[in-house]
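An overview of the molecular structure
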Amino acid sequence: MSAVEKRLEEMKAEITNEVPNDITITQVTYEGPELVIYTRDPKKFAQNGDLIRRLASQLRKRITVRPDPAALSSPKAARKEITSIIPEEAGVTGLDFHHDTGEVVIEAEKPGMVIGKHGATLREITQKVGWTPEVVRTPPIESSTVQNVRNFLKQEREERRDILERVGRQIHREEMSDDEYVRITTLGCCREVGRAAFILSTPETRVLIDCGDKPGAEGEVPYLQVPEALGAGASNIDAVVLTHAHLDHSALIPLLFKYGYDGPIYTTEPSRDLMGLLQLDYLDVAAKEGRTPPYDSEMVREAIKHTIPLEYGDVTDIAPDIKLTLHNAGHILGSSICHFHIGDGLYNVAFSGDIHYDDTRLFNGAVNDFPRVETLVLESTYGGRNDYQTDQKDSERKLKRVINDTIDEDGKVLIPAFAVGRSQEIMLVLEEAMREGEIPEVPIHLDGMIWEATAIHSTYPEYLRDGVRDRIFHEDENPFLADQFNHIDGGEEERQDVADGGPCIILSTSGMIEGGPIFSWLEHVGPDPNSTLTFVGYQAQGTLGRRIQNGWDEIPIGNDNGRGRGDTLTLRMNVEVVDGFSGHADRQGLENFVKTMNPRPEKILCVHGDESSVQDLSSSLYHDFNMRTFAPKNLETFRFV
Ligand SMILES: [Zn+2]
């Protein structure tokens, strides 16, 4: 018997000992980080309200209780009973019974009403029917991504259970080494922006944090082939942890599966869905531009199948010697600061991913309170000496002025925007400004992936700032469902109608005018001197957006990516730049994050920024806070213990 089996047997005996005599335990097993207890008496188990909590603290494990398949009531009878227990206002839209695990997935418009106060309704369900309920929210705005991911996971349920069981045994294996060390190897995003990737290693475990591409430099991928990473084989890596869904952090994760990786990905649930959406779009764009993508969509599905979603604040065993906790990073939906507790109090490292320190309309600011942190790996996108952003209030004022001036002239306001994050932030600004009468109520058209990304945001209100979350909970107040928003889903014909119509605001991808429907809008609106092209996001060197900002007014047009017929279009519309809507902390924000961090770390690695930004930030933090700081290059290894 393996050590894992032996430990499971021991725990089964401990549990049997602890529960009342009339409860039979049939099996105890691991599923990912959780310990799953199968019982023939789920109803009695549920009646002992405190039992699961007691077992969890005694065994120091997250515990799920499931009915033994032999003890299940028929789905038909259970369905009737469940429907009578859950209040009608909960808006149940689906009940899915899974016989192999004894779970019933309840999809509802108001999950809180299915859960009940402190889980009372859920316990009542188990007490009456024996099945273990699992609750998910019905997306308030239909989202094909959320639907596809859920359907796919349902279809792959059995294989997923095998994966989780295997991962569970891997996490809870016996530690083999007496040696002690903690190291970080940088595989990318050092003295550059993009291709984020790090290896955190101990004698026992290797964790890959992020695996992104480098925008504008498709060939430059993280150094995955070194011995610390895949050089020693894909099974060398125990776990992948993803900070957030942006492609410069997530694009190459599916590639790992092509190389034979078969382990877990830990991230938040919205990050999983957004990652799928963005990776599929990444393949799409590559195909349209005639490049061979590094992997196909099958590998995206593998990544989703291997994702173990975690909530902020959950302390989770991901290896015998590593616990992971995700904390809100304030950057995009589901973005996380990843905190690793290594050994039994041996060492603590936090990876910031991308952060926004102050609150925005959409998100609460990044968390910087931890039980312990000795080393922080900190993004430095705006770490340069002069990287100060306009205050968002001033930016909003300027945006409203541009809109008022343009509409006064009967023009249209065209805003190129990133689908994830910035678009929703701008939508909230516009919705409020119209509600308060600060700008006229004109239609706001949303084109490209913006509507789909917005639907994903509405599916996970728990991850949004308190005020927005509460408004989504009350469906008639959901700001994203305001009347003025119109999803362009009728293609070119609908765009022509909008172009022929009166004043309006148009948000369209891509954010840097690199492709997407923004080109079509430029053809329609570009020649109109009364309309205004308004930039609200960063325009990278070499993009068409940057060139227009610099005064170009001859635009190549043609096919989708603007590199087709060789025709040009003369822009006669006004061009305005409104900055200050960034998803990143600026220099001040990064300094404040460190200054108020509790506890303050001993060491900081400044990464994910241009050479001068990381150098500037690193030397300032050293001078201001008297801590050891570094601006590593790619492929450096740091030993901390
Ligand atoms: Zn990002």
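A short tour of the structure in this document, coming up. Since the model is a prediction, treat every value here as computed from it, not as a measurement. (Residues numbered from 1 in each chain as written. Predicted model: local features only at pLDDT ≥ 70, side-chain atom pairs only at ≥ 80, totals over all residues. Heavy atoms only, no water.)

Focus: the overall build of the chain
Summing up its helical and strand segments, the chain has 21 helices and 28 strands in all. What you see for the chain is a C-alpha radius of gyration of 26 Å, in line with the 26 Å of a compact globule of 641 residues. With the C-alpha coordinates aligned to their principal axes, the bounding extent of the chain is approximately 80 × 60 × 45 Å. Long-range contacts, defined as pairs at least 24 residues apart, comprise 71% of the intrachain contacts of the chain with a sequence gap of at least 6. Accessible surface, the chain as shown: approximately 26300 Å² in total, 44% of it carbon and sulfur. Here the chain carries 67 positive and 107 negative side-chain charges, and the mean point of each set is 5 Å from the other. (Helix = DSSP H or I, 4+ residues; strand = E, 2+ residues; numbered from the N terminus. Rg over C-alpha atoms; globule rule 2.2 N^0.38 Å. Contact = heavy atoms within 4.5 Å. Areas by Shrake-Rupley, 256 points an atom, 1.4 Å probe, with all protein chains shown as cover. Lys, Arg positive; Asp, Glu negative; His and termini not counted. Charge placed at Lys NZ, Arg CZ, Asp CG, Glu CD.)

Considering the pairing of strand S21 (residues 505-508)
Neither face of S21 is open: one carries Ile505 and Leu507, the other Ile506 and Ser508, and all of them are buried. Here strand S18 (residues 413-416) runs beside S21; their pairing, made up of four bridges, is parallel. The partner of Pro416 across the bridge, within S21, is Ser508. Bridge count for strand S19 (residues 444-447) against S21 is four bridges, and the pairing is parallel. Among the inter-strand pairings, Asp447 is bridged to a residue of S21, identified as Ser508. (Buried < 20%, exposed > 50% of the residue type's maximum accessible area, 1.4 Å probe, protein only. Pairing = 2+ DSSP bridges.)

Focus on the sheet that holds strand S11 (residues 265-267)
Spatial ordering of the open sheet is given by S12-S11-S10-S9-S8-S7-S28, a layout of seven strands whose pairing is mixed. Edge positions in the sheet fall to strand S12 (307-309) and strand S28 (637-639), since each has one partner strand and no second. Adjacent strand axes in the sheet meet at a mean angle of 25 degrees when their direction is disregarded. Note: strand S8 (residues 197-201) against strand S9 (residues 206-209), four bridges, orientation antiparallel. Paired with Phe198 across the strands is Ile209, a residue of S9. Against the sheet, helix H8 (residues 157-171) touches S11 and S12, its axis set at about 75 degrees to S12. (Axes fitted to C-alpha atoms, helices over the stretch in contact; angles between N-to-C directions.)

Notes on the coordination of the zinc ion
Here the zinc ion is held by the protein donor atoms His244 (NE2), His246 (ND1), His331 (NE2) and Asp354 (OD), which lie 2.2 to 2.3 Å from it. The site at the zinc ion holds four donor atoms, and with the angles between them running 87 to 165 degrees, its shape is irregular. When the donor residues of the zinc ion are listed from N- to C-terminus, their spacing reads H-x1-H-x84-H-x22-D. Separated by 110 residues along the polypeptide, His244 in the loop between strand S10 (239-241) and helix H9 (247-250) and Asp354 in the loop between strand S16 (347-351) and strand S17 (375-379) bring together distant segments of the chain. Accessibility assignment for this pair places His244 and Asp354 in one class, buried. (Donors = N, O, S within 2.8 Å, 3.2 Å for Na, K, Ca; no water. Tetrahedral: all angles 85-135°; square planar, octahedral: opposite > 155°, others 65-115°.)

Looking at helix H3 (residues 51-59)
Buried residues of H3: Leu51, Leu55, Ala56 and Leu59, and no others. Viewed end-on, H3 has its buried residues packed into an arc of 130 degrees, placing them on one side of the element. Residues of H3 that are exposed and point over 90 degrees away from its buried face: Arg53 and Ser57. Close packing links the buried residues of H3 with helix H1 (3-18), strand S2 (34-39), helix H2 (42-47) and strand S3 (62-67). Among the residues trailing H3, Arg60 stands out with phi positive, at a value near 55 degrees. (Arc of directions from axis to C-beta.)

Brief notes about the side chain of Thr629
With respect to the helices and strands, the residue Thr629 is situated in strand S27 (residues 628-630). Discounting chain neighbours no more than four positions away, the residues touching Thr629 are Ile604, Ser618, Leu621 and Tyr622.

Here's the deal with the pattern of salt bridges
In this structure the tally under the stated criterion is 46 salt bridges. With a closest N to O distance of 3.5 Å, Arg54 and Glu18 form a salt bridge. Residue Arg54 is found in helix H3, and its partner Glu18 is found in helix H1; the two are separated by 36 residues along the sequence. Taking the relative accessible area as the measure of exposure, Glu18 reaches 29% and is therefore partly exposed. Salt-bridge contacts for Glu192 lead to Arg195; the nearest nitrogen and oxygen are separated by 2.7 Å. With respect to burial, Glu192 and Arg195 carry one shared label: buried. Through salt bridges with shared partners, one network takes in Glu31, Arg66, Asp100, Glu103, Arg157 and Arg161. (Salt bridge = Lys/Arg side-chain N within 4 Å of Asp/Glu carboxyl O.)

Some remarks on the nonpolar core
Counting residues in hydrophobic clusters, the biggest one holds 78 residues, and the most contacted among them are Leu208, Leu399, Leu430, Ile505 and Leu507. The leading source of residues in this core is helix H14 (residues 422-435), at seven residues. With sequence-adjacent residues up to four places away left out, Leu399 is seen in contact with Ile415, Ile426, Val429, Leu430, Thr534, Val536, Val578 and Phe581. The next biggest cluster of nonpolar side chains, apart from the first, holds 34 residues, and it includes Val207, Ile318, Leu326 and Phe340. (Core = buried A, V, L, I, M, F, W, Y, C linked by side-chain atoms within 4.5 Å.)

Things to note about the sheet that holds strand S5 (residues 103-108)
Strand order in the open sheet formed by three strands is S4-S5-S6, and the pairing between neighbours is mixed. Single-partner strands in this sheet number two, and they are strand S4 (92-98) and strand S6 (132-137). Direction aside, the axes of adjacent strands within the sheet are offset by 20 degrees on average. Here six bridges tie S4 to S5, and the two strands are oriented antiparallel to one another. The residue bridging Gly94 from the neighbouring strand is Glu107, located in S5.

Description of the environment of Pro254
Within the element layout of this structure, Pro254 appears in helix H10 (residues 253-258). Taking the relative accessible area as the measure of exposure, Pro254 reaches 0% and is therefore buried. When the C-alpha atoms of Pro254 and Glu302 are compared, they prove to be 7.2 Å apart, with 48 residues separating the residues in sequence.

Thoughts on the packing of helix H17 (residues 491-500) against helix H18 (residues 518-525)
Interaxial distance between H17 and H18 falls to 10 Å at its minimum, and their mutual angle equals 35 degrees. Where H17 crosses over H18, the handedness of that crossing is right-handed. Residue-level inspection shows Glu492, Arg495, Gln496, Val498 and Ala499 of H17 in contact with H18, the latter providing Ser520, Trp521 and His524. A breakdown of the residues in the contact of H17 with H18 according to their chemical character gives three nonpolar, three polar and two charged. (Left-handed = near helix turned anticlockwise from the far one by under 90°. Nonpolar A, V, L, I, M, F, W, Y, C, P; charged D, E, K, R; others polar.)

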